[in-house]
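# Geometric and topological summary
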Amino acid sequence: MIGLFGRSNSASAQTRIAIRAGATGSSALVRDSIIQAFSVRPEIGPSIGFGIETGLDTRYRVGVSLSTTWGHLRRYEAAGSAEVVPLSTWTPAVSLYRILFPSISAGATVGAVIYRADRRASNLFRRGSSPMPLVGLGVRAERPMTNGLRLSLSLQYDVHRFSTPALADAGFSGERPVHRLSASVGVSRGL
Amino acid sequence: MRKRREELRVKREESFPTEVVLFPLYSTLCTPFLIVALILLAAGCDVTAPDRTDTYGFRLQPENVVFNWPLERRPVRYFAQAIGALPEYVRDGLTIWEAQLLYGEFEGVLTTDSAGADIRVVLEGGVPPVSPLISAPAVQACTGSTSATLASATKLAGPMLIQVRWFPGFTPADVVNCISRVTRHEIGHSLGLFQHSSNPADLMYGVPSVREPSTRDRSTVQVLYHTAANLTPADRP
Ligand SMILES: [Zn+2]
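Residues numbered from 1 in each chain as written. Chains lettered and ligands numbered in written order. Predicted model: local features only at pLDDT ≥ 70, side-chain atom pairs only at ≥ 80, totals over all residues. Heavy atoms only, no water.

## Quick word on the overall build of chain A
- From N to C terminus, chain A includes two helices and ten strands.
- In chain A, the succession of helices and strands from N to C terminus is α-β-β-β-β-β-β-β-β-β-α-β.
- Along the first, second and third principal axes, the C-alpha atoms of chain A reach 65 × 25 × 25 Å.
- In chain A, which comprises 191 residues, the proportion classed as buried is 47%.
- Carbon and sulfur atoms make up 61% of the accessible area of chain A, which totals about 8,500 Å². (Helix = DSSP H or I, 4+ residues; strand = E, 2+ residues; numbered from the N terminus. Buried < 20%, exposed > 50% of the residue type's maximum accessible area, 1.4 Å probe, protein only. Areas by Shrake-Rupley, 256 points an atom, 1.4 Å probe, with all protein chains shown as cover.)

Below is the structure:
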């Protein structure tokens, strides 16, 4: 497990592709009060991701990834919850990880969140939304499998500021910090 | 056994060299940067929700009941008579009212099945003249009404009916502008805005002269759709 990319100087030996699947939860995108207080947030949804990463040295590796999660945006109030609109998010990101222990690495991520929702009905994404920059932290545990594959378990936290043109049109000002937490299981292999 | 431990230690040291040239660069640049970025993103975000205190009444009088379309009836079905550009004006009206709501409270669609419609929209006065919509002062070249029958104190008897009537003697542009504007106003009634605003700047003013919902229109329909209804629509056939 020591040295994810081995100790070869060959770039090809140090480069790995990975696929991950898991679940992502998010804090509220909007908190509002009309007659009574409510919050609007994506329900915990499945996520998948693809990535490619390469070692910089024996401790550090850098990677790019694209992950997506999908489900429904829901409105939560005291009496229950109601679906607002199907919602998916796409997250392109660049990560820098450091190997802390032989099988554990931790790192930081910068990237963007792109929300995609149906624009037809009444919803806060009716006028679309711009990509929102994010930063995050993550920790990953890995163990080798057969045929050069590695199994990984990842926990990722990230935060971004959220607003949409429809919210601004409706009189909202400012941006809300949105925190996301995702857990995933993945497999990687060398190129 | 001792030799084996020695081998392991050597292997470990080889894999984690004590001197990593790049480490100071990452630690001095990346870590503080990311911590600062996290703090900036997570803090200092002050979100202000809109003030929705400036509204007008929407209860059906004199029964004093509230009507809004329940979530399970989304999308609400509108049938528009195929005359002139009426279907286009209805679709346009649904779009502008849906845009006043943020949380999936209302969705309307055009249907060609008049028997299965929740709201029927008809145009009276014959085939209207053809003209593009223009931005011109409002001329009252048409009138409209929205009606429904009560089956009981808490339930409608059937679909709502929106009637728009245009009058001859006006320019084509004034006629089509009026039909479009009044259709938007009547669709506002069909959402449950059963009273008129007293402000001419609002689309739901009794004789509408604006084409777009105002802030007061928006606040009122938002409050309506977060108020518990005590009048329900008729069952679908
Ligand atoms: Zn009216």
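Resuming the write-up.
## Some remarks on the layout of surface pockets
Residues and elements named next belong to chain A.
- Looking at the largest pocket, its volume works out to about 410 Å³.
- Contributions of two or more residues to the lining of the largest pocket are made by β5 (60-77) and β6 (80-101).
- Among the elements that make up the lining of the largest pocket, the one with the highest residue count is β6 (three residues).
- The residue inventory of the lining of the largest pocket, partitioned by class, reads nine nonpolar, six polar and three charged. (1 Å grid on protein atoms, 1.4 Å probe; cavity = no way out; pocket = protein on both sides within 12 Å on 5 of 7 lines; lining within 4 Å. Points joined across faces, edges and corners; volume = space filled by probe spheres on them. Nonpolar A, V, L, I, M, F, W, Y, C, P; charged D, E, K, R; others polar.)

## A short note on the coordination of the zinc ion
Residues and elements named next belong to chain B.
- With distances of 2.0 to 2.1 Å, the protein atoms coordinating the zinc ion are H185 (NE2), H189 (NE2) and H196 (NE2).
- Site description for the zinc ion: donor spacing in sequence, H-x3-H-x6-H. One end of the pair is H185 and the other is H189, both in helix α4 (residues 172-191) and four residues apart, which spans about a single turn. Accessibility classification places H185 together with H189 in one group, the buried group. (Donors = N, O, S within 2.8 Å, 3.2 Å for Na, K, Ca; no water.)

## A word on the side chain of E105 of chain B
- Residue placement: E105 of chain B occurs in the loop between α3 (86-98) and β2 (108-111).
- In this structure E105 of chain B is buried but unpaired, with R75 of chain A as the nearest side chain of opposite charge at 4.5 Å.
- A polar atom in the side chain of E105 of chain B sits 2.8 Å from the backbone nitrogen of Y103 of chain B.
- Residues contacting E105 of chain B, with those up to four places away along its chain left out, are R75 and S122 of chain A together with W69, L71, R74, Y225 and H226 of chain B. (Lys, Arg positive; Asp, Glu negative; His and termini not counted. Salt bridge = Lys/Arg side-chain N within 4 Å of Asp/Glu carboxyl O. Polar contact = N/O pair within 3.5 Å; in protein donor to acceptor, adjacent residues only side chain to side chain. Contact = heavy atoms within 4.5 Å.)

## Some points on the pattern of salt bridges
- Taken as a whole and assessed by the stated rule, the structure comprises 17 salt bridges over all chains.
- Between K155 of chain B and D235 of chain B there is a salt bridge, with the nearest N and O atoms lying 3.0 Å from each other. Linking K155 of chain B in strand β6 (residues 155-156) with D235 of chain B in the segment after α5 (215-224), this pair joins segments that are 80 residues apart in sequence.
- Owing to a relative accessible area of 58%, D235 of chain B belongs among the exposed residues under this scheme.
- One salt-bridge network, held together by shared partners, links E53, R61, R140 and E142 of chain A.

## Points about α4 of chain B
Residue and element names in this part refer to chain B.
- The first and last C-alpha atoms of α4 sit 29 Å apart over 20 residues, in line with the 28 Å expected at 1.5 Å per residue.
- For α4, the tally of buried residues reaches 19 of 20 residues, placing the bulk of the element in the interior.
- Taken from the residues just after α4, G192 is the one with a positive phi, measuring 120 degrees. (Expected span 1.5 Å × (residues − 1).)

## Re the environment of G108 of chain B
Residue and element names in this part refer to chain B.
- By the element assignment, G108 lies in strand β2.
- On the accessibility criterion, G108 (11% relative accessible area) is buried.
- In the structure, G108 is positioned 83 residues away from L191 in sequence and 9.6 Å away in space, judged by C-alpha atoms.
- Apart from the residues lying within four places of it in its own chain, the contact partners of G108 are P75, V76, Y78, L94 and E98.

## Regarding the state of the cysteines
Residues and elements named next belong to chain B.
- Here the structure, examined in full by the defined rule, presents one disulfide over all chains.
- Two residues, C142 and C178, share a disulfide whose sulfurs are 2.0 Å apart. Sign of the S-S torsion, about -90 degrees for the bond between C142 and C178, identifies this disulfide as left-handed. Here C142, found in strand β4 (residues 142-147), pairs with C178, found in helix α4; they are 36 residues apart in sequence, far enough to count as distant.
- Classification of C178 by relative accessible area gives buried; the value is 0%. (Disulfide = S-S within 2.5 Å.)

## Let's talk about the packing of aromatic side chains
Residue and element names in this part refer to chain A.
- The final tally for this structure, using the stated rule, is seven aromatic pairs over all chains.
- An angle of 75 degrees between the planes, with centres 5.2 Å apart, marks the rings of Y115 and F162 as edge-to-face. Taken together, the residues span a long stretch of sequence, with Y115 in strand β7 (residues 104-117) and F162 in strand β9 (residues 150-162) at a distance of 47 residues.
- Counting every residue linked through ring pairs, the aromatic cluster contains Y115, F125 and F162.
- Sitting over the face of the ring of Y76, R41 holds its NZ or CZ atom 4.0 Å from the ring centroid. (Phe/Tyr/Trp six-rings, centres within 6.5 Å; stacked < 30°, edge-to-face > 60°. Lys NZ or Arg CZ within 6 Å of the ring centre and 35° of its normal.)

## What to know about the pairing of β9 of chain A
Residue and element names in this part refer to chain A.
- Inspection of the sheet shows strand β8 (residues 132-144) paired to β9 by eleven bridges, in the antiparallel sense. What sits directly across from L134, in β9, is H160.
- Hairpin remark: β8 followed by β9, antiparallel, with five residues in the connecting loop; positive phi at N147, about 60 degrees. (Pairing = 2+ DSSP bridges.)

## Details of the sheet that holds strand β1 (residues 76-80) of chain B
Residues and elements named next belong to chain B.
- The strand order β2-β1-β3-β7-β4 describes an open sheet built from five strands, whose pairing is mixed. This sheet does not close on itself; its edge strands, each paired only once, are β2 and β4. Strand-to-strand, the axes of this sheet are offset by a mean angle of 20 degrees, without reference to chain direction.
- Contacting β1, β2 and β3 (119-124), α3 runs over the sheet at an angle of about 170 degrees to β2.
- Lying over the sheet, α4 contacts β1, β3, β4 and β7 (160-166), oriented at roughly 15 degrees with respect to β4. (Axes fitted to C-alpha atoms, helices over the stretch in contact; angles between N-to-C directions.)

Everything listed here is a matter of geometry and, on its own, says nothing about what the molecule does.
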